[in-house]
Amino acid sequence: MTDTTAAHARDDEHWLREYAREHVPHLLVIALFAVYPPIYGLLLRTPLSAEANAFLPGTTFLIAMLFLGLFAMSFDFISGYTGYLSFGHAAFYGVGAYFIVLVANGDVPGIPAGTPFVITMIVGGLLAFGLALAIGAVSFRLSGVYFAMITLGFAQVAYELVRNWNYVAVNPQDGPTLSGPTPEIGIPYVDSVSIALGRLAGDSFENVLGLGIDISATLTSYYAIGAVVLLSYFAMQRLIHSPFGRVMIAIRENEERAAAIGYNVFWYKMVAFGFSAFFAAIAGALFAAFSRGASPDETFYFLVTADALIVTIVGGIGTLAGPFFGTAFYEWLEDILSSEQGGLAPYLRGILPDGVLTADIAGITIADLINTVVDGRAPLFLGIVFVLFVLFVPNGLLGSVRDRLGNTVGKYVGGRLERYRR
């Protein structure tokens, strides 16, 4: 081995070691989400089952967290790293969701109903990419609040179109229902490495490896969808840390200066908008595949973008991973304040004696107070939390942690590990 080859080998080894150190936090988060469902299931079989049911999110809520988390990260990709708030981002989420259902039902000319879900999902993402370029060609002539409003206008046009277009569904206001093959995540046309999604039609496994462990269809969908979300996150992260991403950040910090040094900022913004739309459509496709349907109010409606904006601000705008943690907080809050079985309100009604529940305070019983203030009031408390974050934690959860550490969490942890290694 020559000296030059040895030097290159040492450089590669150093790069791989540094890359691994900086991704330790990612590995820990992935491990946490991987082991959480089994631990949650074990807790439900212990004397702490009532507390676990009331204060910990169930698997179904975790899957919803994956959909919204990926969508919020795609929103942050354009809004947090270029400074252009896309208030119409729900249009791309809806394109991905509707395209999956329409293709599966055989309603898209030229694309057979049996087309593998992964291929359809990618094509839907590319369709959203093209739509983003069309919208961006007009919208990026403006900036600031004008850009936000015109993207919102385009999204509302799409919303009104799909909820009144009989082609997409018999009752377009309810949206189409997936009646074709069960969507599968895996390698297209290879059934042995593909996993069907859905609570009812998804794949489940019994007595895995002879250990007596059963994996439900919901849990299988959780891991399969999580794998797609993870790949999408690393793809967006790679784009942000590439030279292309550096230009995105330069546009956010000072667009005029970025243009002055020779960058075609218009096309950088266009392509960044297209990438964000692509991953938003992936999130929409995952939602529709698991839910076996889509509706205008769950996909194209502007409040879907509002949810992404809220969790992005709570998690930390311009951090990419922050919106995912903001989504986790949102889903946790929604779960414990849910009026369904397992929420905080049913838990309080179950553990408090009747004498306490019927106690009258200024004409209001404790039971009425629980029903009014706690039961199903997640949006109320999330709104309060959002206001508090805007006032006192403007950089969000992850952004504040970064400010505290003086660096990204990955680089900080990597530096600490290197110090201990020495």
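An account of the accompanying structure is given in this report. (Residues numbered from 1 in each chain as written. Predicted model: local features only at pLDDT ≥ 70, side-chain atom pairs only at ≥ 80, totals over all residues. Heavy atoms only, no water.)

1. A short note on empty space enclosed by the protein
Within this structure, the stated rule accounts for one cavity of 30 Å³ or more. When its volume is computed, the largest cavity comes out at roughly 40 Å³. Lining the largest cavity, in full, are Tyr330, Leu333, Glu334, Ala378, Pro379 and Leu382. In the lining of the largest cavity, the residues fall into five nonpolar, no polar and one charged. (1 Å grid on protein atoms, 1.4 Å probe; cavity = no way out; pocket = protein on both sides within 12 Å on 5 of 7 lines; lining within 4 Å. Points joined across faces, edges and corners; volume = space filled by probe spheres on them. Nonpolar A, V, L, I, M, F, W, Y, C, P; charged D, E, K, R; others polar.)

2. Points about helix α14 (residues 344-351)
Taken together, the buried positions of α14 are occupied by Leu344, Ala345 and Tyr347. Burial along α14 is one-sided: seen end-on, the buried residues are contained in an arc of 160°. Here the buried face of α14 lies against α3 (49-55), α13 (322-336) and α16 (366-373). (Buried < 20%, exposed > 50% of the residue type's maximum accessible area, 1.4 Å probe, protein only. Helix = DSSP H or I, 4+ residues; strand = E, 2+ residues; numbered from the N terminus. Arc of directions from axis to C-beta. Contact = heavy atoms within 4.5 Å.)

3. Side note on the side chain of serine 221
Tracing the sequence through the fold places serine 221 in helix α8 (residues 217-240). When residues no more than four places from it in sequence are discounted, the contact partners of serine 221 are Ile63, Ala196, Leu197, Gly198, Gly226 and Phe290.

4. What about the packing of aromatic side chains?
Overall, the coordinates contain 26 aromatic pairs when judged by the stated rule. Here a set of aromatic residues connected by ring pairs shows up, and it is made of Phe67, Phe71, Tyr93, Phe287 and Phe290. (Phe/Tyr/Trp six-rings, centres within 6.5 Å; stacked < 30°, edge-to-face > 60°.)

5. A word on the packing of helix α5 (residues 90-104) against helix α10 (residues 265-291)
The geometry of α5 relative to α10 is characterised by a closest axis approach of 6 Å and an angle of 45° between their N-to-C directions. The angle between α5 and α10 falls in the class oblique. Between α5 and α10 the crossing geometry is right-handed. Packed against α5, whose contacting residues are Phe92, Tyr93, Gly96, Ala97, Ile100 and Val101, the element α10 presents Phe273, Ala277, Ala280, Ala281, Ala283, Gly284, Ala285, Phe287 and Ala288 at the interface. Within the contact of α5 with α10, the residues separate by chemical class into 13 nonpolar, two polar and no charged. (Axes fitted to C-alpha atoms, helices over the stretch in contact; angles between N-to-C directions. Parallel < 35°, antiparallel > 145°, perpendicular 65-115°, else oblique. Left-handed = near helix turned anticlockwise from the far one by under 90°.)

6. A few points about unusual backbone geometry
At arginine 292, a position not held by glycine, the phi torsion is positive, near 60°. Of note, arginine 292 is situated in the loop between α10 and α11 (296-299). Residue arginine 292 is classed as partly exposed on the basis of its relative accessible area, which comes to 22%. A positive phi angle, close to 65°, is found at leucine 320, a residue other than glycine. Within the secondary structure, leucine 320 is located in the loop between α12 (302-315) and α13.

7. Points about the environment of phenylalanine 234
Relative to the helices and strands, phenylalanine 234 is located in helix α8. A C-alpha to C-alpha distance of 10.0 Å links phenylalanine 234 and histidine 26, two positions 208 residues apart in sequence.

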